[in-house]
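Examination of the molecular architecture
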Amino acid sequence: MSDVNGGALQLQAVHITLAGRVLIDHLQATVAPGDCLTLMGPSGSGKSTLLAWLAGTLDPVFQASGQARIGADALTGLPPEQRGVGILFQDDLLFPHLSVGGNLAFALPAAVRPRAVRLAQIDAALAEAGLAGMAPRDPATLSGGQRARVALMRTLLARPRALLLDEPFNKLDAQLRQDFRRFVFDHARQRALPVLLVTHDDADAQAAGGQVITLGRP
Amino acid sequence: MSAALLRAAPALTVAAFGLPIAAGLLGTVLPAFGHMPAIGVDQWGLQAWQALFDHPGFATSLWLTLRIGLLATVLSVLLAVGLAGLLATRPAAARLGAWLAPVLATPHSALAIGLAFLIAPSGWLVRWVSPGLTGWALPPDATTVGHVSGLAVVACLLLKEVPYLVLMILGALNQVAAPAQLAAARALGHSAASAFLKVLLPQVWPQIRLPVFAVLAFSLSVVDVALVLGPGNPPTLAVLALRWFSAPDVQRYPQAAAAALLLLGLVAACLLAWHAADRLLARLGRRWIERGGRGGAVVPASALAAGAGLVLLALTALLLLALGLWSLAGAWRYPDALPSVWTLGNWQQQGASLAGPAANTALVALCATAVALVLTLACLENESAGGVPAKRRAGPTGNTGRTSNTGGQRSLWLLYLPLLVPQVAFLFGAQVLLVRARLDATYLAVVWTHLIFVLPYLYLSLADPWRAFDARYARTGASLGASRWRVFWRIKLPILLKPTLIACAVAFAVSVGQYLPTLFAGSGRIATLTTEAVTLASGADRRVTAVWALLQALLPLAAFVLATALHRWCFAGRRGMA
């Protein structure tokens with residue numbers, strides 16, 4: 001579990017408008033592997049729009065230009081599933097019809113075989129998250145903090161080359177939030193993933209410890 | 001609407017369709033085992049079954065029925081999943097969904113007649129390419145309509161069942177956070193097709209199970225489509241039963257009853273087998289999901305299924321167009337691609353004979369819809385009445401949420417009963433009862449028989465919006481001093497007018513399309529557009545048949561247009577009511 005991808009996340013002249021209104025104005029940034037760039041701004045400032053553009057799920061009503069790369073590879077134009085961009089959303093979005101282990105298996109690449117190896121990697125990931133032995137559990141029976149950690153492990157098992165955080169700490173209470181923040185940033189650093197965090201919480205930005213860009217009110 | 005009446009509504013509703021089915025089944029079982037004093041048969045035994053099994057072509061009929069039913073269901077599910085996947089994962093394709101409802105409103109028999117016009121050896125499709133590409137100066141000597149394989153029947157069933165299942169899947173998807181989960185799955189590296197099949201479909205599958213059962217039961221027992229497009233000799237089991245039921249020789253009744261019962265058994269066996277296969281597939285599916293494949297192979301397969309689904313929609317548009325052309329054709333000789341002489345003569349000529357059946361069709365449909373609406377609204381109002389916990393509620397409280405309780409599940413099964421029991425298996429018995437009560441061939445009998453099929457559809461389409469109504473509006477109204485009655489008329493019904501009108505249009509369309517119920521309850525003496533069109537389809541001039549089938553297809557469409565227009569007119573300028 002120590003895949004080092006080593007590519008920086010680069011944003012070049014990213015410009016996004018909605019019906020003529022500029023949301024992201026020629027944004028320029030580089031996030032080195034293991035570093036975190038924080039985008040701050042009130043809701044409606046376009047920070048989630050930028051993540052959607054990076055993920056490849058931007059609604060076609062938006063007009064976007066510019067380039068995004070991980071290492072030397074351009075992301076723009078690729079379908080979402082080929083971008084290698086892992087995302088943590090505000091909700092954990094664990095699939096309710098699968099067990100905890102099933103959720104992780106869904107993310108683990110098919111190339112990991114045979115079944116015994118897959119199960120071992122899933123168990124290892126769960127142990128890493130302090131959830132050893134929880135593979136057969138129904139996600140609905142987990143606490144909020146446990147679910148959040150499973151969601152991160154699921155994202156990491158898919159072996160992304162960059163990590164996008166869409167206010168994933170928002171819905172957790174104060175103590176949990178602190179723990180989970182540390183958990184996320186430690187794992188990202190350990191895997192040398194460039195991280196892009198959007199938030200409106202100053203504490204998140206401080207915990208991330210990297211460069212901060214503040215987006216204005218539209 | 002007194003409280004006592006409201007409380008009686010669920011029981012009344014279940015009785016309205018449950019009693020005729022139960023009584024009708026009994027009326028079919030008795031003759032099948034040798035008891036039907038009315039025709040002098042009164043000796044318990046298995047003679048009727050012997051006659052059925054000895055009938056030449058019986059085995060072929062059975063096999064044909066099974067083949068049509070299973071093939072239509074498997075293909076419907078596959079194509080519906082493909083098409084729903086396309087609509088759910090591509091915003092650009094979502095607009096196509098709006099075209100599904102009108103297709104669904106078109107009666108099966110109109111689709112069957114239109115399809116026959118398309119695919120017949122002298123049909124529109126051959127005319128496009130002949131003689132230029134094919135060299136066929138005369139229609140080719142081949143059988144398409146009525147082919148022994150039953151494939152034409154399967155094709156026609158697909159035209160209607162695929163949109164039905166797609167709408168069911170899309171409706172169920174509204175209840176899960178589909179777009180967010182889709183985005184999450186794609187961020188994990190899954191293609192849209194893989195994400196749809198592995199993440200979204202398994203979550204809505206439990207809600208699709210009953211609709212698929214309805215498709216299976218319907219495909220095994222369909223009569224009107226098999227009459228128009230199926231092989232004549234031997235025909236499907238349902239048509240065989242109908243033929244014996246309507247034979248001049250009443251001594252055929254017991255073996256007709258036996259055939260109808262056999263069909264009931266066949267449907268039950270197929271439902272059980274399907275259920276077993278479904279469970280096995282669910283288990284295999286879980287293994288498949290956990291293997292972690294990103295869906296390389298499912299992408300082309302999904303695209304193929306979606307493409308085939310789109311072809312079906314295009315075919316539907318084409319066959320309606322073909323009906324329109326033939327109804328306006330003065331002269332249209334093979335192999336011309338279009339009529340050489342256009343005329344309104346067909347419509348004028350048929351005008352006089354159309355009027356009666358068209359009025360019957362509309363009258364029966366309006367009455368059945370009105371009764372079903374009152375019963376459904378009473379049930380739903382009773383359900384929302386003062387804090388009765390869901391589990392203790394009596395009657396049809398179809399539950400669609402993920403928190404389904406057993407009571408809700410059971411009543412949902414009850415609602416689906418008329419859609420699962422083959423029509424021919426209980427309509428004959430019901431007719432015997434009607435004859436005995438001297439009620440056969442009355443409007444009352446026809447309306448009531450239609451009600452059996454109209455009620456479930458109206459209830460199923462109205463229950464969800466009604467339950468989703470924000471109860472705070474009603475509480476606000478009550479706190480302002482409005483009585484329950486006034487809250488219902490002045491607040492709830494107006495806010496829910498759109499789903500109510502749409503549900504009524506659905507119910508109207510269901511009634512217009514009924515063939516066998518009209519035939520049996522009306523004793524063949526109350527003619528509707530549907531009964532006449534099916535009769536004409538077996539040999540009348542295409543231009544005449546086209547007029548009837550087209551009017552039959554236009555009537556339910558008009559109901560939908562009217563429902564939408566009425567809502568718009570009532571709430572013009574209210575943006576919150578769009």
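Residues numbered from 1 in each chain as written. Chains lettered and ligands numbered in written order. Predicted model: local features only at pLDDT ≥ 70, side-chain atom pairs only at ≥ 80, totals over all residues. Heavy atoms only, no water.

Next up on the list: the overall build of chain B. Looking only at helices and strands, chain B features 24 helices and four strands. Against the compact-globule benchmark of 25 Å for 578 residues, chain B has a radius of gyration of 25 Å, which places it among compact chains. Dimensions of chain B along its principal axes, counting C-alpha atoms only, are 70 × 60 × 55 Å. Looking at chain B alone, contacts between residues at least 24 apart form 79% of all its contacts between residues at least 6 apart. For chain B, the exposed area adds up to about 25,000 Å²; of that, 67% sits on carbon and sulfur atoms. Of the charged side chains in chain B, 39 are positive and 16 negative, and the gap between their average positions amounts to 14 Å. (Helix = DSSP H or I, 4+ residues; strand = E, 2+ residues; numbered from the N terminus. Rg over C-alpha atoms; globule rule 2.2 N^0.38 Å. Contact = heavy atoms within 4.5 Å. Areas by Shrake-Rupley, 256 points an atom, 1.4 Å probe, with all protein chains shown as cover. Lys, Arg positive; Asp, Glu negative; His and termini not counted. Charge placed at Lys NZ, Arg CZ, Asp CG, Glu CD.)

Residue and element names in this part refer to chain B. Taken as a whole, the second largest pocket encloses approximately 1,500 Å³ of empty space. With 16 residues, the top contributor of residues to the lining of the second largest pocket is helix α13 (residues 253–290). Classifying every residue of the lining of the second largest pocket gives 31 nonpolar, nine polar and eight charged. (1 Å grid on protein atoms, 1.4 Å probe; cavity = no way out; pocket = protein on both sides within 12 Å on 5 of 7 lines; lining within 4 Å. Points joined across faces, edges and corners; volume = space filled by probe spheres on them. Nonpolar A, V, L, I, M, F, W, Y, C, P; charged D, E, K, R; others polar.)

Centre distance and the angle of the planes are the two values used to describe a pair of aromatic rings. In the structure shown here, the tally under the stated rule is 21 aromatic pairs over all chains. Summarising the aromatic geometry, the rings of Phe-180 of chain A and Phe-183 of chain A are spaced 6.2 Å apart at their centres and angled 25 degrees between planes, so their arrangement reads as stacked. Of the two residues, Phe-180 of chain A and Phe-183 of chain A are both situated in helix α5 (residues 174–190); the distance of three residues between them amounts to about one turn of the helix. What makes Phe-180 of chain A buried here is its relative accessible area of 5%. Judged by its relative accessible area of 14%, Phe-183 of chain A is buried. On the basis of an interplanar angle of 70 degrees and a centroid distance of 5.3 Å, the ring pair of Trp-124 of chain B and Trp-128 of chain B is categorised as edge-to-face. With Trp-124 of chain B and Trp-128 of chain B both in helix α7 (residues 124–129) and four residues apart, the pair spans about one turn of that helix. Of the residues examined, Trp-124 of chain B reaches a relative accessible area of 5% and is grouped as buried. One aromatic cluster is present, built from ring pairs that chain together Phe-169, Phe-180, Phe-183 and Phe-185 of chain A. Between the NZ or CZ atom of Lys-198 of chain B and the centre of the ring of Trp-288 of chain B, over which it lies, the distance is 4.6 Å. Geometry around Phe-117 of chain B places Arg-542 of chain B over its ring, the cationic atom sitting 5.7 Å from the centre. (Phe/Tyr/Trp six-rings, centres within 6.5 Å; stacked < 30°, edge-to-face > 60°. Buried < 20%, exposed > 50% of the residue type's maximum accessible area, 1.4 Å probe, protein only. Lys NZ or Arg CZ within 6 Å of the ring centre and 35° of its normal.)

Right, let's talk about the packing of helix α21 (residues 497–513) of chain B against helix α24 (residues 542–570) of chain B for a bit. When two helices pack together, their arrangement is captured by the angle between the axes and the distance separating the axes. Residues and elements named next belong to chain B. The contact between α21 and α24 brings their axes to 9 Å, and the two run at 170 degrees. With respect to each other, α21 and α24 are oriented roughly antiparallel. Across from Leu-497, Lys-498, Leu-501, Ile-502, Ala-505, Val-506, Phe-508, Ala-509 and Val-512 in α21, the residues of α24 making contact are Gln-552, Leu-555, Pro-556, Ala-559, Phe-560, Ala-563, Leu-566, His-567 and Cys-570. Among the residues forming the contact of α21 with α24, the class breakdown is 15 nonpolar, two polar and one charged. (Axes fitted to C-alpha atoms, helices over the stretch in contact; angles between N-to-C directions. Parallel < 35°, antiparallel > 145°, perpendicular 65-115°, else oblique.)

A few words now on the confidence of the model for chain A. When pLDDT is averaged along chain A, the result is 90, and 96% of the positions lie at 70 or above. Averaged pLDDT values for the elements of chain A fall to 89 in helix α6 (residues 202–208) of chain A and rise to 95 in helix α3 (residues 115–128) of chain A. (pLDDT = per-residue confidence, 0-100.)

Oppositely charged side chains are able to pair whenever their charged atoms sit close together. Residues and elements named next belong to chain B. By the definition in use, this model includes 15 salt bridges over all chains. A salt bridge links Arg-467 to Glu-383, with the shortest nitrogen-to-oxygen separation between them at 2.6 Å. On the criterion of sequence distance, the pair formed by Arg-467 in helix α18 (residues 443–467) and Glu-383 in helix α15 (residues 345–384) is long-range, its members being 84 residues apart. For Arg-472, the salt bridge is made with Asp-470, and the minimal N-O distance between the two is 2.6 Å. Taking relative accessible area as the criterion, Arg-472 reaches 54% and is therefore assigned exposed. Taking relative accessible area as the criterion, Asp-470 reaches 29% and is therefore assigned partly exposed. (Salt bridge = Lys/Arg side-chain N within 4 Å of Asp/Glu carboxyl O.)

A word on the interface of chain A and chain B. In this assembly, 25 residues from chain A lie in contact with 24 residues from chain B. Here chain A packs against chain B, burying approximately 2,100 Å² in sum over the two surfaces, 64% of which is carbon and sulfur. Inspection of the region where chain A meets chain B yields one salt bridge. As a salt-bridge pair, Arg-186 of chain B and Glu-81 of chain A come within 2.7 Å of each other at their nearest N and O atoms. Put simply, chain A and chain B have nine residue pairs in polar contact (both at pLDDT 80 or more) between them. (Buried area = accessible area lost by both parts, 1.4 Å probe. Polar contact = N/O pair within 3.5 Å; in protein donor to acceptor, adjacent residues only side chain to side chain.)

To continue, consider the sheet that holds strand β8 (residues 195–199) of chain A. Residue and element names in this part refer to chain A. Overall, parallel pairing links the five strands, which are arranged β6-β7-β8-β3-β9 in an open sheet. A single partner strand is all that each edge strand has here, and the edge strands are β6 (85–88) and β9 (211–214). Ignoring strand direction, the axes of neighbouring strands in this sheet form an average angle of 20 degrees. With four bridges connecting them, strand β3 (residues 36–40) and β9 associate as parallel partners. Residue pairing in the sheet places Leu-39 in a bridge with Ile-213 of β9. The strands that α5 touches are β3, β6, β7 (162–166) and β8; relative to β7, the one it contacts most, it runs at about 160 degrees. (Pairing = 2+ DSSP bridges.)

Let us look at the domain arrangement of chain A. Interface size is commonly expressed as the accessible surface area that is lost when the partners come together. All names here are of chain A. In terms of domain boundaries, chain A breaks down into domain 1 (1–84 + 175–218) and domain 2 (87–159). Centre-to-centre separation of domain 1 and domain 2, based on C-alpha positions: 23 Å. If you look at the interface, domain 1 gives eleven residues, while domain 2 gives twelve residues. The tally of links from domain 1 across to domain 2 stands at one salt bridge. Two residues, Glu-128 and Arg-191, come together in a salt bridge whose shortest N-O distance is 3.8 Å. Here the element with the most residues in the side of domain 1 that touches domain 2 is α5; it accounts for six residues. Its residues assigned to classes, the side of domain 1 that touches domain 2 comprises seven nonpolar, two polar and two charged. (Domains from an automatic or database assignment.)

Let's shift gears to the confidence of the model for chain B. All names here are of chain B. In this model, chain B carries a mean pLDDT of 89, and residues with pLDDT of at least 70 account for 95%. Counting interchain partners and residues more than four positions distant, the pLDDT-below-50 stretch residues 386–407 has 38 contacts. Taken over the whole predicted complex, pTM reads 0.89, whereas the ipTM for its chain interfaces reads 0.82.

Moving on, we get to unusual backbone geometry. Each neighbour pair has its own omega, and for Ser-130 of chain B with Pro-131 of chain B the value is -10 degrees, a cis peptide bond. Take Pro-131 of chain B: it is sitting in the loop between α7 and α8 (151–173). Of the consecutive residues Asn-233 of chain B and Pro-234 of chain B, the connecting peptide bond is found in the cis state with omega at -5 degrees. Non-glycine residue Ala-13 of chain A carries a positive phi angle of around 50 degrees. Among the structural elements, Ala-13 of chain A can be located in strand β1 (residues 9–18). Given a relative accessible area of 32%, Ala-13 of chain A falls into the partly exposed group.

Here the focus is the environment of Leu-46 of chain B. On the secondary structure map, Leu-46 of chain B appears in the loop between β2 (41–42) and α2 (47–54). For Leu-46 of chain B, a relative accessible area of 55% puts it in the exposed group.

Residues and elements named next belong to chain B. The N-to-C vectors of α15 and helix α20 (residues 484–495) enclose an angle of 110 degrees; their axes lie 13 Å apart at closest approach. As far as their axial angle goes, α20 and α15 are roughly perpendicular. The chirality of how α15 crosses α20 is right-handed. On α20, the residues touching Leu-377, Glu-381 and Ser-384 of α15 are Arg-484, Phe-488, Lys-492 and Leu-493. For the contact of α15 with α20, a count of residues per class yields three nonpolar, one polar and three charged. (Left-handed = near helix turned anticlockwise from the far one by under 90°.)

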